[in-house]
Amino acid sequence: MSSSVTGRTTRRRTLRVAAATLVAASALTLTACSGSDSSAAKPAGQAETSAAAAEPGGAGPSAGAQTSGARAGSGDKAAGAKASLAGKHSGGAHSGTAKGPVHTQPLADGSKAEIHELGDQHYLAKIVSRGSVLATLEANQRDAGLDANDMFVVLTPDGRVHSWMGGGNSGPGTFELAGGWKAKVTKTGELHYRAEIIGREGSVDGTLEANEHDAGLAANGVYIVLSAGGVISAHE
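Residues numbered from 1 in each chain as written. Predicted model: local features only at pLDDT ≥ 70, side-chain atom pairs only at ≥ 80, totals over all residues. Heavy atoms only, no water.

For threonine 156, the location among the structural elements is in the loop between β8 (151-155) and β9 (161-165). Setting aside residues up to four positions removed in sequence, threonine 156 forms contacts with Tyr123, Ala139, Asp143, Ala218 and Tyr223. (Helix = DSSP H or I, 4+ residues; strand = E, 2+ residues; numbered from the N terminus. Contact = heavy atoms within 4.5 Å.)

Quick look at unusual backbone geometry now. Negative phi characterises most residues that are not glycine, and trans characterises most peptide bonds. In the segment running from glycine 171 into proline 172, the intervening peptide bond is cis, with an omega of 5°. On the secondary structure map, proline 172 appears in the loop between β10 (169-170) and β11 (173-176). Within the chain, asparagine 149 stands out as a residue other than glycine whose phi angle is a positive 55°. Summarising the element assignment, asparagine 149 is placed in the loop between β7 (144-148) and β8.

Quick look at the environment of glycine 199 now. Along the chain, the position of glycine 199 falls in the loop between β13 (192-198) and β14 (204-211). Not counting residues up to four positions away in its chain, the partners in contact with glycine 199 are Trp181 and Asp205.

Moving on, we come to the environment of alanine 234. Mapped onto the secondary structure, alanine 234 falls in strand β17 (residues 231-235). A relative accessible area of 16% means that alanine 234 is categorised as buried. For alanine 234 and alanine 183, which are 51 residues apart along the polypeptide, the C-alpha to C-alpha distance reads 9.8 Å. (Buried < 20%, exposed > 50% of the residue type's maximum accessible area, 1.4 Å probe, protein only.)

With four of five residues buried, β9 is to be regarded as a mostly interior element. Pairing of β8 with β9 involves five bridges; the strand directions are antiparallel. By the bridge assignment for β9, valine 153 is matched with serine 163. (Pairing = 2+ DSSP bridges.)

In short, geometric facts, not functional conclusions.
This is how it looks when you write it as structure tokens:
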């Protein structure tokens, strides 16, 4: 009799232990599913916001200064050579809404500039090749310039674009420029160069400041670009 009772008691305990194990396993399973469901049910808007927050922003201006592209060697200066410029913006935070291109202009390396008017003395130029925007220049009340892999571009506040290939001199130093100008280029810091534009009489008639971003200037029909790497080029 004692042996039979003990046997039944042992079986009951075994069943209780097994039941408790099943309950615990169920709880773990529900917890895991809950985590997956929470992730899967995340609203699409939240995911898009996170992705947008990870995107890099534009850079600010310096004396009409603009974005500099990595310099490439000689040879083909077409779109493939300028791929490193993709996504770069020059001329400061974009503060207007383009209403469509005012006009499109071919550039010296075979790409083109789509020029948009944003306001009075305020224009935006998108450098486009094979349907992709490689870089932008924004001239707001002052000239903007860009050294795009040895193609130099100046955008003026009235929406004019001038581009040319080559002719750059690497500073520091004093260099002869087109139109009879001279430029005294000095290095003032990392990716920070200054160029004093000297006229025929020896006076300093203008200054270009390229502080991490390229700078451009239109001076009496001569266009000048100073890059943040100290390269200066001019063209008539």
